[in-house]
Amino acid sequence: MARLVVRWPARLPVNLMIGALLVALVVGVAALSLIWTPHDHAAMTIRNRFQPADGVYWLGTDQLGRDIVSQLMVAARNSMTVALVAVLIGGSIGVALGLLASALGGWVEDLIMRVADIGFAFPALLFAIMLSAVFGPSLTIAVAAIAFINIPVFARVARASANQVWTRDFVAAARAAGHGRFAISRDHILPNIAAPVIVQGTIEFAVAILAEAALSYLGLGAQPPSPSWGRMLSEAQTLMFMAPHLAIYPGLCIVIAVLGFSLLGDGLRDITDPRLKRRRA
Amino acid sequence: MTAPLLELHGVSRRYRMPREALLRPPAVLTAVNNVSLTLAPGQTLGIVGESGSGKSTLARLVMAFERPDEGTVLFEGTDLNGLSAGALRMARRRFQMVFQDPYGSLDPRRRVGWSIAEPLRATGATDSPARVKQVLDQVGLRAADAEKYPHEFSGGQRQRIAIARAVVTRPALLVADEAVSALDVSVQAQILNLLMDLQEEMGLAMVFISHDLAVVACICDRMLVMKHGDCIEAGETSRLIASPRHEYTRSLLVASGL
Amino acid sequence: MQLDRVSVAFGAAVALREACLQIEPGTRLGIVGESGCGKSMLGLCLMGMIPDAGKVSGSIRLNGKELAGAPEHVWRRHRARDVAMIFQEPMAALNPLKRIGDTVMEPLEVHEGLSRSAARARALALFDEVGIPDPDSRLRQYPHEISGGQRQRVLIALALACNPSLLVADEPTTALDANVALRIIDLLVRLSETRNMALVFISHDLAAVARATQQIAVMYGGDIVERGPTAQVLGAPRHPYTIGLLGARPGLDNRGRGPDGRRKRLVTIPGTVPPLFELPAGCRFSGRCTREIASCALQRPQPLALGAGQVAACHLLGQAHAGAGAS
Ligand SMILES: Nc1ncnc2c1ncn2[C@@H]1O[C@H](COP(=O)(O)OP(=O)(O)OP(=O)(O)O)[C@@H](O)[C@H]1O
Ligand SMILES: Nc1ncnc2c1ncn2[C@@H]1O[C@H](COP(=O)(O)OP(=O)(O)OP(=O)(O)O)[C@@H](O)[C@H]1O
Ligand code: SF4
Ligand SMILES: [Mg+2]
Ligand SMILES: [Mg+2]
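Residues take numbers from 1 onward in each chain, read along the sequence in its written order. To read the labels, note that chains go from A and ligands from 1, taken in the order they are written. Reporting of local features is limited, given that this is a predicted model, to residues whose pLDDT is at least 70; pairs of side-chain atoms are given and counted only at 80 or more, and all residues count toward the totals for whole chains, interfaces and linings. Computation of side-chain values covers all heavy atoms of the structure but excludes hydrogens and water.

Colleague: How should I be thinking about the interface of chain C and chain B in this particular structure?
Modeller: A common way to express how large an interface is: the accessible area buried when the components associate. Each side of the interface is counted separately: chain C has 26 residues, and chain B has 29 residues. Joining two parts hides part of their accessible area as seen by a 1.4 Å probe, and the buried area is that hidden amount summed over both. Between chain C and chain B, roughly 2,400 Å² of surface is buried when both sides are summed, and carbon and sulfur atoms account for 52% of that area. The working definition used for a salt bridge is a side-chain nitrogen of Lys or Arg within 4 Å of a carboxyl oxygen of Asp or Glu. Scanning the region where chain C abuts chain B turns up two salt bridges. In this structure, the salt-bridge partner of aspartate 197 of chain B is arginine 265 of chain C, at a minimum N-O distance of 2.6 Å. In protein, a polar contact requires one atom able to donate a hydrogen and another able to accept it; more generally it is a pair of N or O atoms within 3.5 Å, and residues adjacent in sequence count only if both atoms are side-chain atoms. At the boundary of chain C and chain B, one finds seven residue pairs in polar contact (both at pLDDT 80 or more). Breaking the side of chain C that touches chain B down by element, the ones donating at least two residues are helix H8 (178-195) and helix H11 (240-248) of chain C. Secondary structure elements follow DSSP: runs of H or I no shorter than four residues count as helices, runs of E no shorter than two count as strands, and numbering proceeds from the N terminus. The element best represented in the side of chain C that touches chain B is H8 of chain C, accounting for three residues. When residue character is reported, Ala, Val, Leu, Ile, Met, Phe, Trp, Tyr, Cys and Pro are called nonpolar, Asp, Glu, Lys and Arg charged, and the others, Gly included, polar. Partitioning the side of chain C that touches chain B into residue classes produces nine nonpolar, seven polar and 10 charged. Should any heavy atoms of two residues lie within 4.5 Å, those residues are considered in contact.

Colleague: So what exactly am I meant to see when it comes to the site of ligand 3 here?
Modeller: All names here are of chain C. Ligand 3 sits among His239, Pro240, Cys283, Phe285, Ser286, Cys289, Arg291, Glu292, Cys296, Cys314, His315 and Leu316. Applying the majority rule of atoms within 2 Å of the grid points places ligand 3 in the second largest cavity. The residue inventory of the shell around ligand 3, partitioned by class, reads seven nonpolar, three polar and two charged. The nearness test applies per residue and asks whether one of its heavy atoms lies within 4 Å of the molecule or strand. Think of a 1 Å grid over the protein atoms and nothing else: a 1.4 Å probe that fits but is trapped marks a cavity, an open set flanked by protein within 12 Å on at least five of seven lines marks a pocket, and residues with an atom within 4 Å of a point count as lining. The way we define it, a molecule is inside a pocket or cavity when more than half of its atoms are within 2 Å of that pocket's grid points.

Colleague: Teacher, can you tell me more about the packing of aromatic side chains here?
Modeller: Any aromatic ring pair is given by two values, namely how distant the centres are and how the planes are angled relative to each other. Pairing of aromatic rings covers Phe, Tyr and the six-membered ring of Trp, with a centre-to-centre limit of 6.5 Å; geometry is then stacked below 30 degrees between planes, edge-to-face above 60, and tilted otherwise. Counted under the stated rule, the structure contains six aromatic pairs over all chains. Between tyrosine 220 of chain C and tyrosine 241 of chain C the ring centres are 4.6 Å apart and the planes differ by 50°, which places this aromatic pair in the tilted class. Here the residue tyrosine 220 of chain C occupies a position in strand E9 (residues 215-220), and tyrosine 241 of chain C occupies one in helix H11, the gap between them amounting to 21 residues. We call a residue buried when its accessible area falls under 20% of the maximum for its residue type, exposed when it is over 50%, and partly exposed in between, using a 1.4 Å probe and counting protein chains only. By relative accessible area, tyrosine 241 of chain C is classed as buried at 0%. Within the aromatic cluster, the residues linked to one another by ring pairs are Tyr220, Tyr241 and Phe285 of chain C. Cation placement over rings: the criterion is NZ of Lys or CZ of Arg within 6 Å of the ring centroid and within 35° of the ring normal. We note arginine 110 of chain B situated over the ring of tryptophan 114 of chain B; from NZ or CZ to the ring centre the distance is 4.3 Å. Over the ring of tryptophan 114 of chain B we find arginine 121 of chain B; its NZ or CZ atom is 4.3 Å from the centre of that ring.

Colleague: Can you help me understand the pattern of salt bridges in this one?
Modeller: When the charged atoms of two side chains lie near each other, side chains of opposite charge can form a pair. Residue and element names in this part refer to chain C. Under the counting rule described, the total for this entry stands at 30 salt bridges over all chains. The residue glutamate 18 makes a salt bridge to arginine 5 at a minimum N-O spacing of 3.3 Å. Of this pair, glutamate 18 sits in strand E2 (residues 13-22) while arginine 5 sits in strand E1 (residues 2-10), and the two are 13 residues apart along the sequence. Given a relative accessible area of 46%, arginine 5 falls into the partly exposed group. Arginine 300 is the partner of glutamate 18 in a salt bridge, and the nearest nitrogen-oxygen pair spans 3.1 Å. Of this pair, glutamate 18 sits in strand E2 while arginine 300 sits in the loop between H11 and strand E11 (304-305), and the two are 282 residues apart along the sequence. By relative accessible area, which is 32% here, glutamate 18 ends up partly exposed.

Colleague: Before we go on, may I ask you to explain the side chain of serine 216 of chain A in this structure?
Modeller: By the element assignment, serine 216 of chain A lies in helix H7 (residues 181-217). Polar contacts involving the side chain of serine 216 of chain A include one to the main-chain carbonyl oxygen of glutamate 212 of chain A, which spans 2.6 Å.

Colleague: Would you mind going over the domain arrangement of chain C with me for this structure?
Modeller: Residue and element names in this part refer to chain C. With domains assigned, chain C is organised as domain 1 (2-220) and domain 2 (239-250 + 264-326). Computed over C-alpha atoms only, the centres of domain 1 and domain 2 are separated by 30 Å. With 13 residues of domain 1 at the contact, the number on the domain 2 side is 15 residues. Buried surface at the junction of domain 1 and domain 2, both sides included, amounts to about 1,400 Å², of which 59% is carbon and sulfur. In terms of surface lost to domain 2, no three residues of domain 1 exceed Arg17, Leu206 and Tyr220, which account for 53% of the buried area on that side. Where domain 1 touches domain 2, the interface holds one salt bridge. The tally of links from domain 1 across to domain 2 stands at five residue pairs in polar contact (both at pLDDT 80 or more). Either an automatic procedure or a domain database provided the assignment from which the domain bounds are taken.

Colleague: Looking at this model, I keep getting lost on the site of ligand 2. Mind explaining?
Modeller: Near ligand 2, the surroundings consist of 16 residues, among which Ser35, Gly36, Lys39, Ser40 and Met41 of chain C are the closest. Proximal residues around ligand 2 fall on chains A and C, making this an inter-chain site. One nitrogen or oxygen atom from the main chain of glycine 36 of chain C is found 2.8 Å from an oxygen atom belonging to ligand 2. Glutamate 171 of chain C is positioned with one of its side-chain polar atoms (N or O) 3.2 Å from an oxygen atom of ligand 2. Surface accessibility follows the Shrake-Rupley procedure with a 1.4 Å probe radius. Residue values consider only the protein chains on display as shielding. Isolated, ligand 2 exposes 640 Å² of accessible area, and the fraction of that covered by the protein chains is 75%. The element that contributes the greatest number of residues to the shell around ligand 2 is helix H1 (residues 39-47) of chain C, accounting for three residues.

Colleague: What's the story with the pairing of strand E3 (residues 44-48) of chain B in this structure? I'm lost.
Modeller: A regular strand places its side chains on the two faces of the sheet in alternate fashion. All names here are of chain B. Burial of E3 is extensive: five of the five residues sit out of reach of the surface. Neither face of E3 is open: one carries Thr44, Gly46 and Val48, the other Leu45 and Ile47, and all of them are buried. When DSSP finds two or more bridges between two strands, those strands count as paired. Of the pairings in the sheet, the one linking E3 to strand E8 (residues 205-209) comprises four bridges and is parallel in character. Counted as the bridge partner of threonine 44 is methionine 206 from E8. Looking at chain direction, E3 and strand E9 (residues 222-227) are connected through four bridges and run parallel. Within E9, the position partnered with isoleucine 47 by the bridge is leucine 224.

Pasting the structure below:
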C-alpha cells in the first residue's frame with residue numbers, strides 16, 4: 001500500500017546538467033545568429049584569406065576569406081533547423097504509427113512493427129545517398145531522409161510505452177465509459193507516453209545532427225552558400241596541413257552539439273524512468 | 001418478480017497460453033467455465049474466490065470488455081455481444097465499473113473533473129459541470145476538487161472519485177472489482193458505506209468482487225463462490241455463511257476469520 | 001532489542017515520534033496501523049536502515065548494546081545474524097534473473113563461509129523448514145515460475161538463512177490471498193516457537209496480527225498510541241483510535257438489514273489521515289477523534305499503564321485515572 005510519490009530528485013544527474021548546459025550553448029548561439037553575427041558569413045574577401053585569429057576575426061578566416069565564427073554560428077542554426085524539422089516529422093509519423101499499432105493490436109501491430117524492423121535495419125546514409133541520386137542533392141532531401149530513418153525508432157518507443165499504458169486501469173475505465181480506441185489513444189495514451197517520447201526525441205536530435213553533418217560532408221545536405229559544419233569539414237580536408245583549425249572548429253561544434261543532446265536525453269531518461277530511479281532500496 | 005437486470009448463461013472464457021515447445025499445441029487455460037447467474041435490479045451479488053479463480057475475468061465478461069467463448073451475457077434483456085460497437089458504447093452508460101487500484105484507475109495527467117465527465121462525453125451526453133458537481137457531492141467530495149489532479153488525493157478519496165465517475169451516467173449496474181481491497185480498514189468502511197448509500201439512493205445493482213468474505217458478507221444479498229473458473233456454490237449470503245455446502249467455501253470462511 | 005524514545009524526522013515531517021518498545025527473545029510483537037503511519041519506518045529502525053534523508057534520535061539497544069547512530073559497518077554485522085527482515089514488496093526482493101537456489105545460497109557462502117555443497121544442503125533444509133514442496137527442483141527455478149505464496153516462503157527462508165534471533169516481517173501477507181496468508185502466518189508462528197526467535201509482524205490487517213502475535217502495538221501518525229497483550233488490546237481497546245479501527249472491520253453486527261429494510265452501515269472513523277507535516281502537534285488523532293477534549297490538539301498525551309501490560313496514550317484515560325486517584 002505504499003503511496004506512489006514521484007519526487008523530483010534532490011540532486012539532478014550530472015549528465016543532465018552538463019547536457020543542458022551544452023544544449024543551451026548551441027541553441028543560444030544558433031538563435032543569436034538570427035539577429036547578429038560578427039561578420040557576414042558569406043562575405044568573401046580574398047585579401048583576407050587564412051587570417052589568423054585576432055580581434056576582428058575571432059577564429060580567423062577560411063580559404064575564401066570568410067569569417068569562421070559567423071559561419072559556425074549560421075551553420076549551428078541550419079543544423080538545429082534540419083534536426084528539429086526532421087525529428088518532428090519523423091517523430092509525429094513514428095508516434096502515430098506506434099499508437100496505431102498498439103491500439104489495434106493483432107496483425108496490424110505485427111505488420112507495422114515488422115516494417116519498422118526493416119526500416120531499422122536499413123542504413124540511413126545509404127538511404128539518403130539513394131534519394132539524392134534520384135532527386136539530386138538538396139537540403140529537403142536530407143531532411144526527408146533523416147525524418148524517414150526516425151520513423152521506426154519513434155514507432156518502437158511509442159508502441160512499447162503505449163502497450164504498457166493500455167494495461168492500466170484508467171484505460172479500462174475509459175473503455176467502460178464507452179470510448180473507442182482512437183479517443184483513448186488521443187486522450188489517455190498519448191499524454192502518458194510523452195515522457196519516453198521526449199527522451200527519445202532528445203537523443204534522436206543528436207543522431208539527426210550527426211546525420212546532417214555526415215550528409216553535408218558528402219555534399220548531400222545544405223548547398224552553398226548556406227554554411228554547414230559537415231561541409232566546412234569536408235572543405236577543410238584538403239587544407240588539413242595548411243590550416244588545421246579549419247577542420248578542428250566545425251568538428252568541435254559537432255561534438256559539442258551531439259554530446260549535449262545525448263547527455264540531455266540520458267539525463268532526462270534517468271529522472272523520468274522509475275526503473276532507474278529505484279536503484280537504492 | 002421483476003425481470004433480471006443481468007443474466008449470464010453458461011459463460012466460458014479460455015485463454016491460450018504461450019507455446020512451451022514449437023511443435024506441441026499451446027495449452028489452453030479455462031479462466032471462467034460455464035458460469036450462469038442472474039441479478040435483479042437493486043440487488044448485490046458478491047463473487048468470492050482465491051487469486052486466479054477467474055473473478056476479474058468474469059467482471060470483464062460482464063463489462064463486455066471480452067467476448068465469452070461460450071454462453072451469453074444479457075443485460076436488460078439484450079445480448080451485449082450481439083450489439084454493434086456504437087450501440088455497445090451507448091449501452092455502457094447503464095453499466096459501469098470501479099477498479100481495485102485507486103492509484104491506477106485515474107489518468108494521472110487529467111483533472112479529476114475531466115475524468116469524472118468522461119463517461120458523459122463518451123456516450124454523447126452533454127459534458128455538464130453541474131452533474132459533475134452533483135456526483136462529487138454525492139461521494140462526499142467538494143465541487144472544487146474537480147479542478148485538482150489525482151495525485152493530490154489520498155487512496156480513499158481517489159476511490160471516491162472513481163465511484164463518482166462510475167455513477168455519473170446514472171447506471172443500473174455497478175461492477176466493483178476488489179474496489180475496497182487496497183484500502184485501509186477505516187477507509188474501507190467509509191467506501192463500503194458510500195456504496196450502500198448510493199445503492200439505496202439510485203437503486204443500483206452491484207456485482208461486488210472480493211476475496212474478503214467478511215466484506216462480502218456485510219454488503220451482498222447473494223454470493224457466488226469461484227474456484228479455478230468454476231462456480232462451485234451460490235446462494236443467499238446468510239445461508240452460505242451459516243451452512244456452507246462446499247469444503248472450499250468453508251476454508252474461505254476460516255481464512256476470513258468468520 | 002529495546003527502543004527508547006526513537007524518533008525519525010524528514011525535515012519538518014515526523015515519521016516516527018518517540019517510540020518505546022521492548023522485544024524479548026522468542027516473543028511475537030505485532031505492529032498495526034493504517035498506511036503511512038510509520039510501521040515500516042519502525043521496522044527499518046530495528047534494522048538500522050532508515051533512509052539517509054531521515055534524522056534518527058533516541059536509543060536503539062540490541063542485547064544491551066547501543067546501536068543508535070552506529071555506523072553502517074556495525075549495523076551490517078548485526079543484520080542477517082541478529083536481525084533479519086522480510087520486505088514489503090515480495091516481487092522486488094527477488095532478483096528475477098537469478099535462480100532461486102543461487103539467491104538463497106549466496107549469503108550462506110558469503111556470510112557463513114560455507115562450501116557450495118554445504119550451502120546447498122542448508123538451503124534444502126531451510127526450504128523444507130518453511131514448507132516448500134519439492135525443494136530440489138525449486139532451487140533451479142526462477143522467481144516468476146513460482147506462486148506468490150511460494151515466493152514469500154522463499155523470502156522467509158532467505159531471512160532465516162543466518163539464524164537471526166529477531167525477524168522483522170513487513171506486511172508479509174498483504175499481497176497474498178486469504179488462504180495462503182493464513183498458512184504463512186502459521187508458518188511464522190511455528191518458526192518463532194521452534195527456533196525461539198523473536199518476531200515483529202507488521203501489518204494493517206488486525207485479524208492477521210491477532211492470529212500471529214502475543215503483543216501488539218497500534219500506531220497512528222507516527223505515534224504508538226496503544227500497546228499491550230494482543231488479546232487484551234483487541235478485546236478491550238482503550239484508545240479511541242484502536243476502538244475506531246476495530247469498529248470499522250466488517251463483523252457480525254454489520255450484516256443484513258436493519259428494521260427499516262436498509263443495510264446496516266459500518267462504524268467509521270471520520271475524515272482521513274492528514275499528511276505527515278499537517279499532523280496536529282498534540283495528540284495525532286485529534287481532529288478525527290469523536291471524544292476529543294480541549295487539551296487534545298495542543299498537549300501530547302503521555303503513555304499510561306492501564307494494568308495487565310496495556311499502555312495507551314490518550315488524555316481521556318489520563319483524566320479518568322487522575323479522577324480515580326483523587327477520589
Ligand atoms: N489476458 C489473459 N491471458 C491469459 N491468461 C489470463 C488472462 N487474463 C487472466 N488470465 C488467467 O486467467 C485466470 C483467472 O484470472 P483472473 O484475473 O480472472 O483471476 P482473479 O480471480 O481475478 O484473481 P485475483 O484475485 O488475483 O485478481 C488466471 O489464471 C490468469 O492467469
Ligand atoms: N525518504 C522519505 N522522505 C520523506 N518521507 C518519507 C520517506 N520515507 C517514508 N516517508 C514517510 O514516512 C511515513 C511513514 O512511512 P511508512 O513506510 O513507515 O508507513 P507504513 O506504516 O509502513 O505504511 P504502509 O502500510 O503504506 O507500508 C509516510 O508518511 C511516508 O510518506
Ligand atoms: S487524546 Fe484526545 S484526541 Fe487523542 S485520542 Fe484521546 S481523546 Fe482523542
Ligand atoms: Mg482480479
Ligand atoms: Mg510499510
